[in-house]
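# A structural walkthrough
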Amino acid sequence: MSYTIGRLAKLTGLPVKTIRFYSDAGVLPERERTPAGYRIYGDEDRARLELIRTLREIGVDLATIRSLGDRRLRDVLDLHLKAVETQLKSLQRTRTVLRATLARDGDPAEEDLQRLHALGRVGAAEMELLLDEFVDEVGGDIEARHEWLTQLRDAMLPELPEEPTAAQLDAWLELAELLADEDHRESLRRQSSDFWSEERDFDAWHEINAQVLREALTAAQAGVEPGSPESEPILDRVLALLGQSREEMLRVFDEHDPRAARLWELVAIIEDRPWPSEPTVAYGWIEATLRRLTRTG
């Protein structure tokens, strides 16, 4: 039997946007489409959705489910084992917070209790669901943007260490709040609409961006002071690569939501990686140079 995505949503109890996301992410393989471009699903998709929901509820991540393919019971049991191991990691994190709290003299501080409470609500499975919603809502109805966010998804979901520090736990909880922030989602959707609405050669765009990063990062690492006479020709080369005037680029920086950079900073804290990242340093140098030259121009 064949089902439209709307009918499949009613039969499984899953939102249409969730089914669409699973299809785009390759977790639910796309079978066929109508001549008008609408997705068509069958009974095997309905059964697979039930399996996906069960595995997600026990904490199995999408990448693991996607790797399952058409394999059967042994793979499901293997996934279940991974889910149990995920739950054990969650307990270990809770133990870390409890030990740190009890090691101090006196009653627990308010932030310790808040951290314990929040960890009970935001484990790995909950973070996965938050990120699914984030990708789907920010991606919106622009297919290219949705695909790009789907590709970035795994990088946006760090793995919390078994014995995290207080800073890593706080970053984990702040990341959950940021992903769930409706204003942040709307801001990203609004700011990126013009860029993603244009047809682009993304291989060429990635190469241009790599050249921009090399120019700016080399200048920053060489100690070229933003706004100095030496910085101006470098800025001009960067703007030429991007096809932007100074006024246009300044407007991009003015409209940029700093929460986007904060998201990647939180990921770096959780993964114990250096921050700022090279792209952050490069674009920070470009912005500082542009603003200083604009003031003195």
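Moving on to the environment of Val138. Here Val138 is to be found in helix H7 (residues 124-139). In this structure the C-alpha to C-alpha distance between Val138 and His184, which are 46 residues apart in sequence, comes to 9.2 Å.

The next thing to look at is the packing of helix H2 (residues 16-24) against H7. Between H2 and H7, the shortest axis-to-axis distance is 10 Å and the interhelical angle comes to 95 degrees. As far as their axial angle goes, H7 and H2 are roughly perpendicular. Here Lys17, Phe21 and Tyr22 of H2 lie close against H7, whose contacting residues are Asp132, Val135, Asp136 and Glu137.

Let us now look at the packing of aromatic side chains. All told, the structure shown has 4 aromatic pairs when counted by the stated rule. Summarising the aromatic geometry, the rings of Phe21 and Tyr22 are spaced 6.3 Å apart at their centres and angled 55 degrees between planes, so their arrangement reads as tilted. The residues Phe21 and Tyr22 share a single accessibility class, namely buried. Judged by centre distance (5.1 Å) and plane angle (85 degrees), the rings of Phe195 and Trp196 are edge-to-face. Note on Trp196: relative accessible area 8%, which makes it buried. Three or more aromatic residues joined by ring pairs make a cluster, and in this case those are Trp148, Phe195, Trp196 and Trp205.

Right, let's talk about unusual backbone geometry for a bit. Cis rather than trans, the peptide bond between Trp275 and Pro276 has omega equal to 5 degrees. If you trace the backbone, Pro276 turns up in the loop between helix H14 (258-270) and helix H15 (278-296). The backbone of Asp272 sits at a positive phi, close to 55 degrees, despite the residue not being glycine.

A word on a nonpolar patch on the surface. A contiguous nonpolar patch, built from Val84, Leu88 and Leu91 and spanning about 270 Å² of accessible area, is present on the exposed surface. With respect to the helices and strands, the residue Leu91 is situated in helix H5 (residues 73-103).

Across its 16 residues, helix H10 (residues 182-197) extends 22 Å between first and last C-alpha, which sits within 8% of the 22 Å expected from 1.5 Å per residue. Roughly 35 degrees is the biggest bend found in H10, and it falls at Gln191. Within H10 the residues assigned to the buried category are His184, Arg185, Ser187, Leu188, Ser192 and Trp196. Looking at the buried side of H10, the elements it contacts are H7, helix H8 (143-156), helix H9 (166-180), helix H11 (202-221) and H14. N-capping of H10 is provided by Asp181, with a side-chain oxygen placed 2.9 Å from the backbone N of Asp183.

About the criteria used
- Residues numbered from 1 in each chain as written.
- Predicted model: local features only at pLDDT ≥ 70, side-chain atom pairs only at ≥ 80, totals over all residues.
- Heavy atoms only, no water.
- Helix = DSSP H or I, 4+ residues; strand = E, 2+ residues; numbered from the N terminus.
- Axes fitted to C-alpha atoms, helices over the stretch in contact; angles between N-to-C directions.
- Parallel < 35°, antiparallel > 145°, perpendicular 65-115°, else oblique.
- Contact = heavy atoms within 4.5 Å.
- Phe/Tyr/Trp six-rings, centres within 6.5 Å; stacked < 30°, edge-to-face > 60°.
- Buried < 20%, exposed > 50% of the residue type's maximum accessible area, 1.4 Å probe, protein only.
- Patch = residues over 30% accessible without salt bridge, like charges linked within 9 Å, V, L, I, M, F, W, Y side chains within 5 Å.
- Areas by Shrake-Rupley, 256 points an atom, 1.4 Å probe, with all protein chains shown as cover.
- Salt bridge = Lys/Arg side-chain N within 4 Å of Asp/Glu carboxyl O.
- Expected span 1.5 Å × (residues − 1).
- Bend = angle between axes of the 7 residues up to and from the residue.
- Polar contact = N/O pair within 3.5 Å; in protein donor to acceptor, adjacent residues only side chain to side chain.

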